Amino acid sequence: MNKVAIIGKGHSRFGDRSEVNLAELSFEAVHPALESSGLTSKDVPYMTLGSMGVWSEEPLPAVVIAEYCGLTGAGLVRCEAACASGTAAVFNAYSVVRSGQADLALAVGAEKMKQIDTATVMEMIGRAGYYMWEFENFGMTFPAYYALHAVAHMEKFGTTEEDLAKVAVKNHRYGAMNPVAHLRHEITVEKVLQSCVIASPLKLYDCCPISDGSAAVVLASEKKVKELNIEDPVWIESMGFASDTANISKRENYVGLDASVKASKMAYSEAKISPADVDVANVHDCFTIAEIMAYEDLGFCEKGKGANMIRDGETEIGGKIPVNLDGGLKAKGHPIGTTGVSMLVELTKQLREEVKPSRQAPMKNYVALAHNTGGTGHYGFVTVLRR
Amino acid sequence: MSEAPSLKSNRPLTITYNLPISKTTKFWKELKEGKVFATKCKNCGKLYFPPVADCGNCGSSEVEWIQLSGEGKLVTFTEVIVKPASFSKEPSYIVAVAELVEGVKVLAWLTGIEKEKITIGMKVKLEAKVVSDKKFAYEFVLA
């Protein structure tokens, strides 16, 4: 099978992007991704779009975006894996290049969520469990799903609301340094604890914002990397995948996400690395508890010790494994289908040491890990990159 | 939503879904009688809640109906303060997951208790609940 590299990347500014439509927003990522690869839209035979959809007026967003970006005629698909739709799109493009079906493929993530009101966004994401048994009568929301995990984690391991707040504080600190982040202000533990409750014990500042944004990566086979004289490819060493039950009530426990554990084991095994080899990671922190569970599920620490990592600064620059140096979903923003692609753009920059020194992870092995969850661990993807 | 120039679409979309229950009719009939049922695969013995007509575990479509005792212990919970649009008129509600003595877990509202008094592991009872004339659901109450 072919080796697959990221040879180009593009990223829009995240936030309220009501001044552009979905296709225009996508162009902001696709154009620089192609340009940085030395390609034009006509060179790319296959494009995948990560987009959960439902927020904007276009039912077939991939077609509209491909046309706007000059990719009409390319093979095309929209991938849905809830908040992991972006990685699902990358995985689809990666599989096409890896199998030799094409030497180049473009993976785009695009989502516009700000054009509908917050209560409707809560409605749409809340329905994304098992509608009949969890939404129709019980009105679950996305924060509520993670709140069930927060309560269980706090009860079993002594994780506190302050620990959760520290995750938000860290991610806002790095987000403030990231020019494309949605929320670019620092916060304090007190501010998190005093913010209004969304679903107990999760408060406003424990939750990621609702964002618009796009990101894109160009994937190439080893042959194409040589042909194009790409100087600094970032190789996709492995992509692990898994899923879990739609009904949250069928989960074994609520202190972790099984799909993350399975996907990471698969990714580590294929890349022949251990968690200790990872220099920098982006993990799915849609809510603060999600980041703490990710530390544990990905093997950065033992089960139940996630809070210690944030207390001891182990996931900051200078710590054992810096996490979410772009601000994470929490501060950078979480345009659902874009997030997985955005993580790979950020990690490509980290591996190439292209970000501001203040938020650059020190590189030893030049290995990075992206962890992208869809729903409450309904979908799980883990990607290992190496420069 | 921002002030950027935009055109308001003239094509509003209203969708109400019909939720098929022909294969789980007994569940809904029994709820009306105040009973909560699960299904059990006759072939492999797996117990299902929510009830199913087909066993994903072994592929059999031979299932039997089992009435649940309703007795269970609280596993986790949350109070939903910021609600989805279609629940906007509801007061805040507590959603809980409890494990029943039969071994299945159930997600439902927990009523009749303040959030501050809830503890993990406390005994709860799953009961059928009348939502409206034609609608029935289930909820946890204190055991």
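Scroll up a little and you will see the structure.
None of the values given here were measured: they were computed from a predicted structure.

Asks: For this particular structure, what's the right way to read the overall build of chain B?
Replies: Within chain B, the regular secondary structure consists of one helix and eight strands. Counting from the amino terminus, chain B carries its helices and strands in the arrangement α-β-β-β-β-β-β-β-β. Against the 2.2 N^0.38 benchmark of 15 Å for 143 residues, chain B shows a C-alpha radius of gyration of 19 Å, more extended than a compact globule. Expressed along its principal axes, the backbone C-alpha trace of chain B runs to roughly 60 × 40 × 30 Å. Put simply, chain B has 143 residues, and 39% of those count as buried. For chain B, the computed accessible surface area is about 8,700 Å², with 49% contributed by carbon and sulfur atoms. Separation between the mean location of the 21 positive side-chain charges and that of the 16 negative ones in chain B comes to 4 Å.

Asks: What is the right way to read the sheet that holds strand E1 (residues 4–11) of chain A from this model?
Replies: Hydrogen bonds between backbone groups are what pair the strands of a sheet, and the pairing can be parallel or antiparallel. All names here are of chain A. Strand order in the open sheet made by the nine strands is E3-E2-E4-E7-E1-E8-E11-E10-E9, with mixed pairing throughout. Of all strands in the sheet, those bounded by a partner on one side alone are strand E3 (75–79) and strand E9 (280–282). Taken over all neighbouring pairs, the strand axes of this sheet differ in orientation by 25 degrees on average, direction set aside. Inspection of the sheet shows E1 paired to strand E7 (residues 212–221) by seven bridges, in the antiparallel sense. Pairing of His11 across the sheet is with Ala215, part of E7. Against the sheet, helix H3 (residues 85–98) contacts E1, strand E2 (46–50), E3, strand E4 (104–112), E7, strand E8 (234–243), strand E10 (367–374) and strand E11 (379–386), and its axis sits at roughly 160 degrees relative to E2.

Asks: I would appreciate a short explanation of the state of the cysteines in the present structure.
Replies: Here, disulfide denotes a covalent bond that connects the sulfur atoms of two cysteines. All names here are of chain B. A complete count under the given rule lists zero disulfides over all chains for this structure. The thiol of Cys58 is not disulfide-bonded; the next cysteine sulfur, from Cys41, is found 3.6 Å away. Here Cys58 falls in the partly exposed class, since its relative accessible area comes to 33%.

Asks: Could you clarify how one ought to interpret H3 of chain A in this entry?
Replies: One turn of the α-helix equals 3.6 residues, which is why residues spaced by three or four share an orientation. All names here are of chain A. End to end, H3 covers 19 Å across 14 residues, agreeing with the expected 20 Å (1.5 Å per residue, within 8%). Within H3, 10 of the 14 residues are buried, which leaves the element mostly enclosed by the surrounding structure. One or two positions beyond H3, positive phi appears at Gly100, with a value near 90 degrees.

Asks: Explain the pattern of salt bridges here, please?
Replies: As a working rule, side chains carrying opposite charge can pair if their charged atoms are close by. A full pass over the atoms with the stated rule returns 26 salt bridges over all chains. Residue Glu270 of chain A is joined to Arg98 of chain A by a salt bridge in which the shortest nitrogen-to-oxygen separation is 3.2 Å. Taken together, the positions of Glu270 of chain A in helix H10 (residues 258–271) and Arg98 of chain A in helix H3 put the pair 172 residues apart, joining distant regions of the chain. With a relative accessible area of 24%, Arg98 of chain A lands in the partly exposed category. The partner of Glu139 of chain B in a salt bridge is Lys129 of chain B, and the shortest N-O contact between them spans 3.7 Å. Of this pair, Glu139 of chain B sits in strand E8 (residues 135–142) while Lys129 of chain B sits in strand E7 (residues 123–132), and the two are 10 residues apart along the sequence. Judged by relative accessible area, Glu139 of chain B falls into the buried class, the value being 12%. Connected through shared salt-bridge partners, Arg13, Arg17, Glu19 and Glu28 of chain A make up one network.

Asks: Mind showing me how you'd approach the sheet that holds strand E2 (residues 47–48) of chain B here?
Replies: All names here are of chain B. Strand order in the open sheet made by the three strands is E2-E1-E3, with antiparallel pairing throughout. The open sheet is flanked by E2 and strand E3 (63–67), the only strands paired with a single partner. Here strand E1 (residues 37–41) runs beside E2; their pairing, made up of two bridges, is antiparallel. By the bridge assignment for E2, Lys40 is matched with Leu47.

Asks: What am I meant to see in the packing of aromatic side chains here?
Replies: To describe a pair of aromatic rings, you give the distance between the ring centres and the angle between the ring planes. Applying the stated criterion to the full structure yields 20 aromatic pairs over all chains. Ring centres of Trp133 of chain A and Phe49 of chain B lie 6.2 Å apart, and the angle between their planes is 65 degrees; this geometry places the pair in the edge-to-face category. Placement of the pair is Trp133 of chain A in helix H5 (residues 131–135) and Phe49 of chain B in the loop between E2 and E3, with the two residues belonging to separate chains. Phe49 of chain B matches Trp133 of chain A in its accessibility class, with the two residues each being buried. An angle of 70 degrees between the planes, with centres 5.4 Å apart, marks the rings of Phe142 of chain A and Phe287 of chain A as edge-to-face. Residue Phe142 of chain A is found in helix H6 (residues 142–157), and its partner Phe287 of chain A is found in the loop between E9 and helix H11 (288–297); the two are separated by 145 residues along the sequence. Accessibility expressed as a relative area gives 7% for Phe142 of chain A, which makes it buried.

Asks: Even after reading the chapter, I still don't get unusual backbone geometry, so can you show me in this structure?
Replies: Most peptide bonds take the trans form, and the phi angle of most residues other than glycine is negative. The residue after Ser200 of chain A, namely Pro201 of chain A, is reached through a cis peptide bond having omega 5 degrees. On the secondary structure map, Pro201 of chain A appears in the loop between strand E5 (197–199) and strand E6 (202–203). Cis geometry marks the peptide bond from Phe49 of chain B to Pro50 of chain B, where omega comes out at -5 degrees. Backbone geometry places Asn229 of chain A, a non-glycine residue, at a positive phi of 55 degrees. Looking at the element boundaries, Asn229 of chain A is found in the loop between helix H9 (222–227) and E8. Look at Asn229 of chain A and you get exposed, because its relative accessible area is 63%. Phi at Tyr366 of chain A takes a positive value of approximately 55 degrees, unusual for a residue other than glycine. By the secondary structure assignment, Tyr366 of chain A is in the loop between helix H14 (339–351) and E10.

Asks: In this structure, what is going on with the interface of chain B and chain A? I would like to understand it.
Replies: Accessible area lost when the parts come together is the quantity often used to give the size of an interface. Across the contact, 38 residues belong to chain B and 40 residues belong to chain A. Summing both sides of the interface, chain B and chain A together bury roughly 3,300 Å²; the carbon and sulfur share of this comes to 68%. There are one salt bridge connecting chain B and chain A. Salt-bridge contacts for Lys135 of chain B lead to Glu136 of chain A; the nearest nitrogen and oxygen are separated by 2.9 Å. Taken together, the connections running from chain B to chain A amount to 13 residue pairs in polar contact (both at pLDDT 80 or more). Only helix H1 (25–32), strand E4 (71–80), strand E5 (93–100), strand E6 (105–110) and E8 of chain B provide two or more residues apiece to the side of chain B that touches chain A. Looking at the side of chain B that touches chain A, the element that brings in the most residues is E4 of chain B, giving six residues. Residues of the side of chain B that touches chain A, tallied by class, amount to 29 nonpolar, four polar and five charged.

Here is what the cut-offs are and how they apply
Residues numbered from 1 in each chain as written. Chains lettered and ligands numbered in written order. Predicted model: local features only at pLDDT ≥ 70, side-chain atom pairs only at ≥ 80, totals over all residues. Heavy atoms only, no water. Helix = DSSP H or I, 4+ residues; strand = E, 2+ residues; numbered from the N terminus. Rg over C-alpha atoms; globule rule 2.2 N^0.38 Å. Buried < 20%, exposed > 50% of the residue type's maximum accessible area, 1.4 Å probe, protein only. Areas by Shrake-Rupley, 256 points an atom, 1.4 Å probe, with all protein chains shown as cover. Lys, Arg positive; Asp, Glu negative; His and termini not counted. Charge placed at Lys NZ, Arg CZ, Asp CG, Glu CD. Pairing = 2+ DSSP bridges. Axes fitted to C-alpha atoms, helices over the stretch in contact; angles between N-to-C directions. Contact = heavy atoms within 4.5 Å. Disulfide = S-S within 2.5 Å. Expected span 1.5 Å × (residues − 1). Salt bridge = Lys/Arg side-chain N within 4 Å of Asp/Glu carboxyl O. Phe/Tyr/Trp six-rings, centres within 6.5 Å; stacked < 30°, edge-to-face > 60°. Buried area = accessible area lost by both parts, 1.4 Å probe. Polar contact = N/O pair within 3.5 Å; in protein donor to acceptor, adjacent residues only side chain to side chain. Nonpolar A, V, L, I, M, F, W, Y, C, P; charged D, E, K, R; others polar.

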